[in-house]
There are 2 protein chains.
Amino acid sequence: MARMLYDLAGAEPERRFSPYCWRIRLALAHKGLDVETVPWRFAEKAAIAFSGQGLVPVLVDGETVVSDSWRIATYLEEAYPDRPSLFGGPAGMALTRFVANWADAVVNAGLARLIVSDIPAHLDPGDLDYFVSSREKRFGMKLDAVTAGREERVAEFRQALHPLRMTLRTQPYIGGEAPDYADYAVFGGFQWARCVSRFPVLEADDPVAAWRGRLLDAFGGLARRAPGYDG
Amino acid sequence: MARMLYDLAGAEPERRFSPYCWRIRLALAHKGLDVETVPWRFAEKAAIAFSGQGLVPVLVDGETVVSDSWRIATYLEEAYPDRPSLFGGPAGMALTRFVANWADAVVNAGLARLIVSDIPAHLDPGDLDYFVSSREKRFGMKLDAVTAGREERVAEFRQALHPLRMTLRTQPYIGGEAPDYADYAVFGGFQWARCVSRFPVLEADDPVAAWRGRLLDAFGGLARRAPGYDG
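From a predicted model like this one, the values you see are computed outputs, not experimental measurements.

Here is what the cut-offs are and how they apply
Residues numbered from 1 in each chain as written. Chains lettered and ligands numbered in written order. Predicted model: local features only at pLDDT ≥ 70, side-chain atom pairs only at ≥ 80, totals over all residues. Heavy atoms only, no water. Contact = heavy atoms within 4.5 Å. Buried area = accessible area lost by both parts, 1.4 Å probe. Polar contact = N/O pair within 3.5 Å; in protein donor to acceptor, adjacent residues only side chain to side chain. Helix = DSSP H or I, 4+ residues; strand = E, 2+ residues; numbered from the N terminus. Nonpolar A, V, L, I, M, F, W, Y, C, P; charged D, E, K, R; others polar. Buried < 20%, exposed > 50% of the residue type's maximum accessible area, 1.4 Å probe, protein only. Pairing = 2+ DSSP bridges. Axes fitted to C-alpha atoms, helices over the stretch in contact; angles between N-to-C directions. Parallel < 35°, antiparallel > 145°, perpendicular 65-115°, else oblique. Left-handed = near helix turned anticlockwise from the far one by under 90°. UniProt positions renumbered as here; feature names shortened; annotations may be inferred.

## Considering the interface of chain B and chain A
Now for step 1: Opposite the 26 residues of chain B that make contact, chain A presents 27 residues.
Now for step 2: When chain B packs against chain A, the two sides together hide about 2100 Å² of surface, and 73% of this comes from carbon and sulfur.
Now for step 3: Our count for the contact surface shared by chain B and chain A stands at four residue pairs in polar contact (both at pLDDT 80 or more).
Now for step 4: Where the side of chain B that touches chain A is concerned, the elements lending two or more residues are α3 (90-115) and α7 (162-168) of chain B.
Now for step 5: Broken down by element, the residue count for the side of chain B that touches chain A peaks at 13 residues, all from α3(B).
Now for step 6: Partitioning the side of chain B that touches chain A into residue classes produces 14 nonpolar, nine polar and three charged.

## Thoughts on the pairing of strand β3 (residues 58-61) of chain A
Residue and element names in this part refer to chain A.
Now for step 1: Judged by which residues are buried, β3 turns out to be covered on both faces: V58 and V60 on one side and L59 and D61 on the other are all buried.
Now for step 2: Sheet analysis places strand β1 (residues 4-8) next to β3, joined by three bridges and oriented antiparallel. Its bridge partner lying in β3, M4 is registered against V60.
Now for step 3: Where β3 folds back onto strand β4 (residues 64-67) in an antiparallel hairpin, the turn is made up of two residues, including G62, whose phi is positive at roughly 60°.

## Here we look at the packing of helix α2 (residues 69-79) of chain B against α3(B)
Residues and elements named next belong to chain B.
Now for step 1: Orientation of α2 relative to α3, taken along the N-to-C sense of each, is 160°, at an axis distance of 12 Å. The angle between α2 and α3 places the two elements in the roughly antiparallel class. When you trace α2 past α3, the crossing you get is right-handed. Where α2 approaches α3, its residues W70, T74 and E77 are matched on the opposing element by M93, T96 and R97.
Now for step 2: The residue makeup of the contact of α2 with α3, split by class, is two nonpolar, two polar and two charged.

## A short note on the sheet that holds β4(A)
All names here are of chain A.
Now for step 1: The four strands are arranged β2-β1-β3-β4 in an open sheet whose pairing can be described as mixed. Single-partner strands in this sheet number two, and they are β2 (36-40) and β4. Between one strand axis and the next, the sheet turns through 20° on average, direction left out of account.
Now for step 2: Strands β1, β2 and β3 of the sheet are contacted by helix α1 (residues 19-30), whose axis makes an angle of about 150° with β1.
Now for step 3: Of the strands in this sheet, β3 and β4 are in contact with helix α2 (residues 69-79), which crosses β4 at around 140°.

## Structural notes on the sheet that holds strand β3 (residues 58-61) of chain B
All names here are of chain B.
Now for step 1: Judged by pairing direction, the sheet is mixed, and its four strands sit side by side in the order β2-β1-β3-β4 without closing on themselves. Edge positions in the sheet fall to β2 (36-40) and β4 (64-67), since each has one partner strand and no second. Ignoring strand direction, the axes of neighbouring strands in this sheet form an average angle of 20°.
Now for step 2: Packed on one face of the sheet, helix α1 (residues 19-30) meets β1 (4-8), β2 and β3 and runs near 150° to β1.

## What about the UniProt feature "domain: GST N-terminal" (unreviewed entry) in chain A?
Now for step 1: This chain's UniProt record puts "domain: GST N-terminal" (unreviewed entry) on residues 8-84 of chain A.
Now for step 2: Taken as a whole, residues 8-84 of chain A contains 30% helix and 18% strand, while its terminal C-alpha atoms sit 26 Å from one another.

## A look at unusual backbone geometry
Now for step 1: The omega torsion of the bond from A:V56 to A:P57 falls at 5°, within 30 degrees of zero and hence cis.
Now for step 2: With respect to the element layout, A:P57 can be found in the loop between β2 and β3.
Now for step 3: The backbone of B:F219 shows a phi angle near 55°, a positive value even though the residue is not glycine.
Now for step 4: Relative to the helices and strands, B:F219 resides in helix α9 (residues 207-221).

## Observations concerning the environment of B:V107
All names here are of chain B.
Now for step 1: Within the element layout of this structure, V107 appears in helix α3.
Now for step 2: For V107, a relative accessible area of 0% puts it in the buried group.
Now for step 3: Separated by 95 residues in the primary sequence, V107 and E12 have C-alpha atoms spaced 26 Å apart.
Now for step 4: Beyond its immediate sequence surroundings of up to four residues, V107 is in contact with W102, F157, L161, V186 and F190.

## Digging into the packing of helix α3 (residues 90-115) of chain A against helix α8 (residues 181-196) of chain A
Helix-helix packing: each pair is described by the crossing angle between the helix axes and the interaxial distance.
Residue and element names in this part refer to chain A.
Now for step 1: Orientation of α3 relative to α8, taken along the N-to-C sense of each, is 10°, at an axis distance of 8 Å. Overall, the two elements α3 and α8 adopt an arrangement that is roughly parallel. Considering the relative orientation of α3 and α8, their crossing is right-handed. For the pair formed by α3 and α8, the contact residues are T96, V99, A100, W102, A103, V107, N108, L111, A112 and I115 on the first element and Y181, A182, A185, V186, G189, F190, W192, A193 and V196 on the second.
Now for step 2: Looking at the contact of α3 with α8 residue by residue, the class counts come to 16 nonpolar, three polar and no charged.

Shown next, in the form of structure tokens:
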């Protein structure tokens, strides 16, 4: 049975824009594991019902089914202990949990307020109503209102990245000399933004942009080859 | 030669209020290393001139002199590899750097804007002018103006702790099942605030407050026994 990853896609099957699926795409590459990705849309709950829940990423690895990006990453670490580590041991795994939570609360939440209104143009028609109404409900306003004033507000987002910027002054990756799951957890959000929006979330000379560039190039340009906007 | 740590003190020699010195107090306890702490005031540059710079913490360990909290922590890890690890390996050390930078940029900077005006009352008279003028210059305003409106602004500080709060939902410490240097790096700021201010920086039912309590109790109550304000 082939290894398969159900991966959020837009109207174009190759536009894969889930930050959480990107974490796992890079984690699989880090482990040197081949995977067949299956484009999946929000409306296709039936296609992943076998996983017992309704969100991607879902990994099917032989007889094993795992959902939720954190659970998939820890599964990969446990199932493939002889491949390069995603965490560098139990303490590293605990610390990575903090980094992933920072990515969720600061990076992904901040990016959403800058780019969410650019997503509907890329969605499959069958996903449009669901996406817009669920996100309008979450934000309590129209999506255009969420991103209004982003040219001014982006400075605050960039400021919130300061802990990452400070870290990149003394080491090339959050994981140290080489990237690991902490890097992929943060990078996933930037790749999400790149896949759906031309809005420049980083300044070109930001060390965070250079780090993003190194991750776009990692694993033979896996992330850079994906449809998206560079800038 | 005894192991000695130059440790910032207030007018009372036992009021030790540097967040960076607290990181090292706990790191030494984690390693099970005895230390004689030497109360030090900002004006006593001559007393630590042997370290080649003018800030504490300064650790004197036999023939070795180390300053800067991060460099001291990594020195301890290297010099005492058979004692409990502060980082859990090279990947853990790299990830801890990110956590320490988050502590500096978010926790300590945020706490300063809530409690800095409470510090002068605890200072040695010889430090008062230096401290007030250097901090007023840094903030560009009087210290009372820095902390003005803190009763309202504290909500924003508590919100910024969300990555830590999320992490504590699934593990008791940032380091996992037991605390490590990442915990001490963040805790140092809370201990600083506790040593000088009655202002309640956390709500009593915040999981972050429970975590702070566990660290106050660690190593036989090392941090809780220090002069400060509980609440």
